[in-house]
Amino acid sequence: MLLKLLSHRHRWLLGFVSLLLFGGCIALVETFHQNLLQKQTLEQQQSLSRQLSLVRANIESELNANIFLADSLATIISINPASGPEDWEPLAQALMRKATSIRNIAVAPDNVIRFIYPTAGNQAALGLDYRTVPAQFVAIELARQRQDIVIAGPLTLVQGGTAVIARIPIFNDAPSNQRYWGTCSVVIDIDKLFQSTGLLELASQSQLAMRGVDGYGADGELFWGDASVFFNAFAIENIRLLSGSWQIAIALPQAQQGQFGLSSLLVRLLGYSLCILLFLALFSLYYAYRHARLSALQDPLTLLPNRRFAMQLLQRLVNEKAEFSILSLDLDKFKEVNDNYGHAMGDALLQEVAKRLQSALRASDYACRLSGDEFLVILPRVHREQDLQHIISKVSAKLCSNVFTFNGKQVSIQYSLGYASFPLHATELDKLLHFADLSMYQQKAKHKTNK
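These numbers come from a predicted model, not from an experiment.

A. Layout of the packing of helix 10 (residues 343-360) against helix 11 (residues 385-399). With their axes 9 Å apart at the nearest point, helix 10 and helix 11 run at an angle of 140° to one another. Compared by their axis directions, helix 10 and helix 11 come out oblique. Our pair here, helix 10 against helix 11, has a crossing hand that is right-handed. Along the contact surface, helix 10 presents V353, R356, L357, S359 and A360, while helix 11 presents K394, V395, K398 and L399. Across the contact of helix 10 with helix 11, the residue classes break down as five nonpolar, one polar and three charged.

B. Up close: the packing of aromatic side chains. As enumerated under the stated definition, the model contains seven aromatic pairs in all. Its guanidinium or amino end placed over the ring of Y130, R167 lies 5.0 Å from that ring's centre, counting from NZ or CZ. When the ring centre of F230 is taken as origin, the NZ or CZ atom of R211, which lies over that ring, is 3.8 Å away.

C. Expanded view of the sheet that holds strand 1 (residues 102-109). Spatially, 2-1-5-4-3 is the arrangement adopted by the five strands of the open sheet, whose pairing is antiparallel. Where the open sheet ends on each side, the last strands, each with one partner, are strand 2 (115-117) and strand 3 (150-156). Neighbour-to-neighbour, the strand axes of the sheet open up by a mean angle of 15°, direction not taken into account. Bridge analysis of strand 4 (residues 162-171) against strand 5 (residues 180-189) gives nine bridges, and the strand direction is antiparallel. Each bridged residue has a counterpart across the sheet, and for A163 the counterpart in strand 5 is D189. Here helix 2 (residues 85-98) sits on the sheet and contacts strand 1, strand 2 and strand 5; the angle it forms with strand 2, its principal contact strand, is near 25°.

D. Representation of the environment of R179. Topologically, R179 is positioned in the loop between strand 4 and strand 5. Separated by 187 residues in the primary sequence, R179 and Y366 place their C-alpha atoms 86 Å from one another. Excluding residues that lie within four positions of it along the chain, R179 makes contacts with I170, F171, N172 and D173. Only 3.2 Å separates the side chain of R179 from the side chain of N172, close enough to count as a polar contact.

E. Fine view of the side chain of R356. Within the secondary structure layout, R356 lies in helix 10. From its side chain, R356 meets the backbone oxygen of N402 in a polar contact 3.0 Å long. Apart from residues no more than four positions distant in its own chain, R356 is found in contact with K398, L399, C400, S401, N402, V403, F404 and I413.

Rules used throughout
- Residues numbered from 1 in each chain as written.
- Predicted model: local features only at pLDDT ≥ 70, side-chain atom pairs only at ≥ 80, totals over all residues.
- Heavy atoms only, no water.
- Axes fitted to C-alpha atoms, helices over the stretch in contact; angles between N-to-C directions.
- Helix = DSSP H or I, 4+ residues; strand = E, 2+ residues; numbered from the N terminus.
- Parallel < 35°, antiparallel > 145°, perpendicular 65-115°, else oblique.
- Left-handed = near helix turned anticlockwise from the far one by under 90°.
- Contact = heavy atoms within 4.5 Å.
- Nonpolar A, V, L, I, M, F, W, Y, C, P; charged D, E, K, R; others polar.
- Phe/Tyr/Trp six-rings, centres within 6.5 Å; stacked < 30°, edge-to-face > 60°.
- Lys NZ or Arg CZ within 6 Å of the ring centre and 35° of its normal.
- Pairing = 2+ DSSP bridges.
- Polar contact = N/O pair within 3.5 Å; in protein donor to acceptor, adjacent residues only side chain to side chain.

Right, dumping it as structure tokens:
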């Protein structure tokens, strides 16, 4: 029976809200269920992120430590440029014993390789003039110009495997560094580096990818893993090199997403049962609330909000210091309609005015019937004069568009309208209403004068 008190629009709204509430219950249960899964996933990601940070620090430490070992050889040569291969070999042997990932060290006075250690497997490189190999000479020349170490690669070696090559320029007039002596190159085995730093172990638990060939960081080419990892990564770390950087990304494989068994079923079963009970309880409360609201806040004739609703809304807007405007509207000659055509036509006229008012307003506006033939329009967020006049024009066009007809009798809708804006015309509610009423009475007086 209470449903019959609702308009067609409100019935549709009730159905929509009910559907929305039911959907919300489903979403709530599923969200709770997903949160269990996400919590497990998040814990796994946090654990892997910590491991990634450790691997990143290990790579930085190991790579730079190996390069610094070779740099010590270059420093000794710069101090004693007259030294030769017989002097460099004991030093290279000592460095290789400390190194974890160095494949070989090459010394090239005037950019021609005169010494390489270990010699076994690298004899063909002796006598190589880097200037005849443009791909390698670019990094050597860049190191000379920068007077600093330049890292090239990772790149695939001719003899097999992947390595990073650090080019260390040597000058024999430190610290001015104007006389270039040659270069010291150290080849670092990437596979050994990744094995010793824990990267390969981490890769067995997750998806990893690295980019930044030649130290170009995010702009460098991919050299390890799959490019899609960077799009799905939950963490990306920058590996700082002596020149430039690499980027390493980590993503969680789909196969590692945890699944719930019986607990998942129990969570959903309990959750949906509670949601159904809650839905029934809320639906009953809504019926009771709707009935009370129709009685307390709605005008029974026009179905517009009544004076109580209007005053509550206006007071809230004033308390919030929100900018808004009101239109005070009073029908002219309404008493004559009641006297000449009867109260049934007067009631029908009020209903028609209410309908036309609502059709002229925005969804966020409120048309209220205060009493008798007195209406109040509340316009939230409207305070500029041009906007207000535009709405007043729409209201006028709707109210006066057609002659009102009831049971074969016709009357034209005549009205007087005044307006006021908060806080422009008043900062207190009583004064604001009074200002709008005065404006309306002034227009009503003009209508009587022009009659």
